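Chain by chain, the residues run as shown.
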Amino acid sequence: MKIQNIMVVGAGQMGSGIAQVHAEAGYHVYLNDIDAARVEKGLAVIRKNLSRQVEKERMTEEQKEAALAHIHLSTELDDAQKVDLVIEAAIENMDTKKEIFAALDRLAPEHAILATNTSSLPITEIAAATNRPEQVIGMHFMNPVPVMKLVEIIRGLATTDEVFENVKNTAEALKKVPVEVNDFPGFVSNRILLPMINEAIYTVYEGVAEPEAIDEVMKLGMNHPMGPLTLADFIGLDTCLYIMETLHEGLGDDKYRPCPLLRKYVKAGWLGKKSGRGFYQYH
């Protein structure tokens, strides 16, 4: 099957990035969200990103306009009837994802592949909300999507080889590097990354060092481009907590227990960069 038309469900930070890279690669993209304001905001982010690329002479004005022309704004899931591949990038909540996938299963053409950008939730469980589990797959992009090369591709229990190959080829067409990962909580990226972030939060909680010192140790001593607490703020502390809870519940090991300080910050509304305050303050 040749994939030409894509729908991205969710026009937030991840969804807009996913829509952008597909549009740049020449796919026709429906950028979907629950209301026009969110979709317009997503498009504004894409326009800003592409304009920055023009300023840096990484693309021409013509290439920018061509990419934007490939993006169609959508507030109706009914637009799934027009596509070959749907990539869901909604909130990281199983009930929400099941609801979306059940609706997409009713609306999308029989041949359409249904992918999820989930960072930690079981693909097999999401697929069970549909009547086409063999056509459901995980396609986990890294943030920021236009910059990061990796795409984790996760088969569900029933995902076919043909669907896997189609999604792998699509990722390669975006100039990404697809890596096959099995369906376990957190996959590879977040099963390794989030416990490290959680341990960094414990070192703050236990008074081992201040956040700035912890980040400096990891940057200068381990050659990380960004300290774990800065990265946590960038990801969103609510998202970090949700992934740690998924790991803790799914793997049943107390080494994945979220740090009490992480819970406290989330309850306080200190969610990181997006709320203006996390381990650092943002203005």
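Residues numbered from 1 in each chain as written. Predicted model: local features only at pLDDT ≥ 70, side-chain atom pairs only at ≥ 80, totals over all residues. Heavy atoms only, no water.

As recorded by an unreviewed UniProt entry, the protein carries the name 3-hydroxybutyryl-CoA dehydrogenase and is attributed to Thalassorhabdus alkalitolerans. The UniProt entry for the protein carries the following text under Pathway (unreviewed entry): "Lipid metabolism; butanoate metabolism." Under the heading Sequence similarities (unreviewed entry), UniProt records this for the protein: "Belongs to the 3-hydroxyacyl-CoA dehydrogenase family." (UniProt positions renumbered as here; feature names shortened; annotations may be inferred.)

Caption draft 1: Seen up close, helix α11 (residues 260-268). Of the residues making up α11, those classed as buried are L261, L262 and Y265. All buried residues of α11 fall inside an arc of 105 degrees around its axis, so they share one side. Exposed side of α11, more than 90 degrees from the buried face: K264 and K267 are the residues found there. Contact partners of the buried residues in α11: α7 (189-205) and α10 (237-251). Once α11 ends, the next one or two residues include G269, with phi positive near 85 degrees. (Buried < 20%, exposed > 50% of the residue type's maximum accessible area, 1.4 Å probe, protein only. Helix = DSSP H or I, 4+ residues; strand = E, 2+ residues; numbered from the N terminus. Arc of directions from axis to C-beta. Contact = heavy atoms within 4.5 Å.)

Caption draft 2: Structural detail: the UniProt feature "domain: 3-hydroxyacyl-CoA dehydrogenase NAD binding" (unreviewed entry) in the protein. The UniProt record marks residues 6-183 with the feature "domain: 3-hydroxyacyl-CoA dehydrogenase NAD binding" (unreviewed entry), using the residue numbering of this structure. Overall, residues 6-183 shows 41% helix and 21% strand. The separation of its end C-alpha atoms is 24 Å.

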